[in-house]
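Architecture and fold: a report
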Amino acid sequence: GQQGWSQVILEPPVSPEVTVPNYQDPSEAYLEHIFHPGRFSLQTIAKALHIYRRSVDVVADLSAAVLREQVSLVVEAEIQNAVTEYEVQQEEYFQVQLQCWNKFYLCCTQYHQVAGRPLGIASDESTAMVCLVKKGG
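This report concerns the structure included in the present document. (Residues numbered from 1 in each chain as written. Predicted model: local features only at pLDDT ≥ 70, side-chain atom pairs only at ≥ 80, totals over all residues. Heavy atoms only, no water.)

**A word on the overall build of the protein chain**
Put simply, the rule reads: For helices the rule is a DSSP run of H or I covering at least 4 residues; for strands it is a run of E covering at least 2, with both sets numbered from the N terminus onward. Here, residues are in contact when the closest pair of their heavy atoms is within 4.5 Å. To be clear on the numbers: accessible area is Shrake-Rupley with a 1.4 Å probe, and residue cover counts the displayed protein chains and nothing else.
Across its full length, the protein chain holds four helices and two strands. Order of helices (α) and strands (β) in the protein chain, N terminus to C terminus: α-α-α-α-β-β. A separation of at least 24 residues holds for 55% of the contacts in the protein chain among residues at least 6 apart in sequence. Accessible surface, the protein chain: about 9,800 Å² in total, of which carbon and sulfur atoms supply 53%.

This is the structure we're talking about:
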(Lines give C-alpha, C1' and ligand atoms only; values in the text may rest on other atoms or scores of the structure.)
Protein backbone atom coordinates (compact mmCIF):
# COMPACT_ATOMS: atom_id res chain seq x y z
CA GLY A 1 0.00 0.00 0.00
CA GLN A 2 0.87 3.63 -0.34
CA GLN A 3 2.55 5.28 2.65
CA GLY A 4 2.08 8.88 3.73
CA TRP A 5 -0.69 11.42 3.38
CA SER A 6 -3.23 11.76 0.60
CA GLN A 7 -4.67 15.18 -0.13
CA VAL A 8 -8.43 15.45 -0.18
CA ILE A 9 -10.17 18.58 -1.47
CA LEU A 10 -13.38 19.08 0.44
CA GLU A 11 -14.63 22.11 -1.44
CA PRO A 12 -13.55 23.99 -4.56
CA PRO A 13 -11.38 27.04 -3.95
CA VAL A 14 -13.09 30.43 -4.10
CA SER A 15 -12.27 32.39 -7.24
CA PRO A 16 -9.86 35.24 -6.42
CA GLU A 17 -11.79 37.72 -8.56
CA VAL A 18 -15.20 38.37 -10.06
CA THR A 19 -15.52 39.01 -13.79
CA VAL A 20 -17.83 41.91 -14.56
CA PRO A 21 -18.90 42.26 -18.20
CA ASN A 22 -18.92 45.85 -19.52
CA TYR A 23 -22.69 45.76 -19.98
CA GLN A 24 -23.41 44.69 -16.37
CA ASP A 25 -23.59 46.86 -13.28
CA PRO A 26 -20.76 45.83 -10.90
CA SER A 27 -23.11 45.69 -7.90
CA GLU A 28 -25.35 43.24 -9.74
CA ALA A 29 -22.43 41.03 -10.78
CA TYR A 30 -20.82 41.00 -7.33
CA LEU A 31 -24.10 40.41 -5.47
CA GLU A 32 -24.94 37.48 -7.78
CA HIS A 33 -21.47 36.02 -7.27
CA ILE A 34 -21.30 36.54 -3.49
CA PHE A 35 -24.83 35.27 -2.82
CA HIS A 36 -24.57 32.30 -5.21
CA PRO A 37 -25.91 29.33 -3.23
CA GLY A 38 -23.14 27.43 -1.48
CA ARG A 39 -20.34 29.92 -2.20
CA PHE A 40 -20.31 31.68 1.20
CA SER A 41 -22.43 31.06 4.29
CA LEU A 42 -24.66 33.92 5.42
CA GLN A 43 -22.54 34.07 8.60
CA THR A 44 -19.40 34.58 6.49
CA ILE A 45 -21.04 37.39 4.49
CA ALA A 46 -22.36 39.03 7.69
CA LYS A 47 -18.90 38.86 9.29
CA ALA A 48 -17.30 40.29 6.12
CA LEU A 49 -19.84 43.14 6.19
CA HIS A 50 -18.95 43.80 9.84
CA ILE A 51 -15.23 43.94 8.97
CA TYR A 52 -15.78 45.97 5.79
CA ARG A 53 -17.67 48.76 7.47
CA ARG A 54 -15.36 48.62 10.51
CA SER A 55 -18.34 48.68 12.85
CA VAL A 56 -18.63 47.47 16.40
CA ASP A 57 -22.26 46.42 16.13
CA VAL A 58 -22.67 42.74 15.37
CA VAL A 59 -25.13 41.88 12.64
CA ALA A 60 -27.83 39.62 14.03
CA ASP A 61 -28.92 36.56 12.08
CA LEU A 62 -30.36 38.02 8.91
CA SER A 63 -32.23 36.51 6.02
CA ALA A 64 -30.36 36.36 2.71
CA ALA A 65 -32.58 39.13 1.29
CA VAL A 66 -31.96 41.53 4.19
CA LEU A 67 -28.24 40.76 4.26
CA ARG A 68 -28.02 41.32 0.49
CA GLU A 69 -29.72 44.70 0.92
CA GLN A 70 -27.36 45.63 3.80
CA VAL A 71 -24.29 44.70 1.72
CA SER A 72 -25.57 46.73 -1.22
CA LEU A 73 -26.25 49.82 0.94
CA VAL A 74 -22.86 49.71 2.67
CA VAL A 75 -20.82 49.22 -0.51
CA GLU A 76 -22.84 51.85 -2.39
CA ALA A 77 -22.23 54.32 0.48
CA GLU A 78 -18.50 53.61 0.19
CA ILE A 79 -18.67 54.28 -3.57
CA GLN A 80 -20.49 57.58 -2.98
CA ASN A 81 -17.90 58.60 -0.36
CA ALA A 82 -15.13 57.90 -2.85
CA VAL A 83 -16.61 60.12 -5.57
CA THR A 84 -18.13 63.03 -3.61
CA GLU A 85 -15.06 65.22 -3.84
CA TYR A 86 -15.18 65.70 -7.60
CA GLU A 87 -17.14 64.95 -10.73
CA VAL A 88 -16.21 61.69 -12.37
CA GLN A 89 -16.63 60.33 -15.85
CA GLN A 90 -18.61 57.12 -16.31
CA GLU A 91 -15.48 54.98 -16.85
CA GLU A 92 -13.86 56.35 -13.70
CA TYR A 93 -17.06 55.75 -11.71
CA PHE A 94 -17.11 52.16 -13.04
CA GLN A 95 -13.51 51.68 -11.77
CA VAL A 96 -14.44 53.06 -8.33
CA GLN A 97 -17.38 50.65 -8.21
CA LEU A 98 -15.09 47.74 -9.09
CA GLN A 99 -12.58 48.74 -6.42
CA CYS A 100 -15.19 49.02 -3.66
CA TRP A 101 -16.97 45.79 -4.59
CA ASN A 102 -13.67 43.94 -4.92
CA LYS A 103 -12.65 45.16 -1.46
CA PHE A 104 -15.86 43.70 0.01
CA TYR A 105 -15.43 40.47 -1.97
CA LEU A 106 -11.89 40.11 -0.58
CA CYS A 107 -13.31 40.45 2.95
CA CYS A 108 -15.68 37.58 2.13
CA THR A 109 -12.96 35.32 0.70
CA GLN A 110 -10.53 36.02 3.53
CA TYR A 111 -13.10 35.35 6.24
CA HIS A 112 -14.25 32.24 4.36
CA GLN A 113 -10.67 30.92 4.42
CA VAL A 114 -10.24 31.68 8.12
CA ALA A 115 -13.61 30.15 9.04
CA GLY A 116 -12.84 27.05 6.96
CA ARG A 117 -9.63 26.17 8.75
CA PRO A 118 -9.86 22.86 10.60
CA LEU A 119 -9.89 23.06 14.41
CA GLY A 120 -8.76 19.50 14.87
CA ILE A 121 -8.68 15.97 13.55
CA ALA A 122 -10.48 12.89 14.81
CA SER A 123 -10.25 9.24 13.93
CA ASP A 124 -12.43 6.19 14.48
CA GLU A 125 -10.36 3.06 15.01
CA SER A 126 -13.24 0.69 14.24
CA THR A 127 -13.84 2.14 10.76
CA ALA A 128 -10.33 3.58 10.17
CA MET A 129 -12.01 6.84 9.15
CA VAL A 130 -10.40 10.19 9.78
CA CYS A 131 -12.30 13.46 9.81
CA LEU A 132 -11.52 17.13 10.23
CA VAL A 133 -13.31 19.09 12.91
CA LYS A 134 -14.42 22.51 11.67
CA LYS A 135 -16.35 25.35 13.20
CA GLY A 136 -20.03 25.31 12.18
CA GLY A 137 -21.79 28.09 10.28
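**Here we look at the packing of helix α1 (residues 26-34) against helix α4 (residues 90-115)**
Basically, it comes down to this: Simply put, an axis is a line fit to the C-alpha atoms, just over the touching stretch for a helix, and the angle between two N-to-C directions goes from 0 to 180 degrees. Orientation categories follow fixed angle ranges, with anything under 35 degrees roughly parallel, anything over 145 roughly antiparallel, 65 to 115 roughly perpendicular, and all other angles oblique. Crossing chirality is assigned from the near helix's rotation relative to the far helix, an anticlockwise turn below a right angle marking it left-handed and a clockwise turn marking it right-handed.
Two numbers describe how α1 lies on α4: the axes approach to 9 Å, and their chain directions differ by 15°. Classified by the angle their axes make, α1 and α4 are roughly parallel. Our pair here, α1 against α4, has a crossing hand that is right-handed. Of the residues in α4, those in contact with Pro26, Ser27, Tyr30, Leu31, His33 and Ile34 of α1 are Phe94, Gln97, Leu98, Trp101, Asn102, Phe104, Tyr105 and Cys108.

**Thoughts on the environment of Ser72**
We apply this condition: For every residue, the accessible area (1.4 Å probe, protein chains only) is compared with the maximum for its type, and the residue is labelled buried under 20%, exposed over 50%, or partly exposed between those bounds.
Inspection of the secondary structure assignment puts Ser72 in helix α3 (residues 64-83). Overall, Ser72 belongs to the partly exposed group, its relative accessible area being 22%. Along the primary structure Ser72 and Ser27 are separated by 45 residues, whereas in three dimensions their C-alpha atoms are 7.2 Å apart.

**What about the packing of aromatic side chains?**
Which entries qualify depends on this criterion: Two rings from Phe, Tyr or Trp (for Trp, the six-membered ring) form a pair when their centres sit within 6.5 Å of each other. Planes less than 30 degrees apart are called stacked, planes more than 60 degrees apart edge-to-face, and all others tilted.
The final tally for this structure, using the stated rule, is four aromatic pairs. Residues Tyr30 and Trp101 carry aromatic rings whose centres are separated by 6.0 Å and whose planes lie at 20° to one another, so their mutual orientation is stacked. Taken together, the residues Tyr30 in helix α1 and Trp101 in helix α4 connect sequence positions 71 residues apart. Residue classification places Tyr30 among the buried residues on the basis of a relative accessible area of 3%. Relative accessible area serves as the criterion here: at 0%, Trp101 is assigned to the buried category. Relative to Phe104, the ring of Tyr52 has its centre 5.5 Å away and its plane inclined at 85°; by these criteria the two rings are edge-to-face. Of the two residues, Tyr52 is situated in helix α2 (residues 42-52) and Phe104 in helix α4; the sequence distance between them amounts to 52 residues. Phe104 shares its class with Tyr52; the two are buried. Among the aromatic residues, those joined into a cluster by ring pairs are Tyr30, Phe40, Trp101 and Tyr105.

**Some thoughts on unusual backbone geometry**
Here the phi dihedral of Ala128 falls at roughly 60°; this positive angle occurs in a residue that is not glycine. Note on placement: Ala128 falls in the loop between β1 (120-124) and β2 (129-133).

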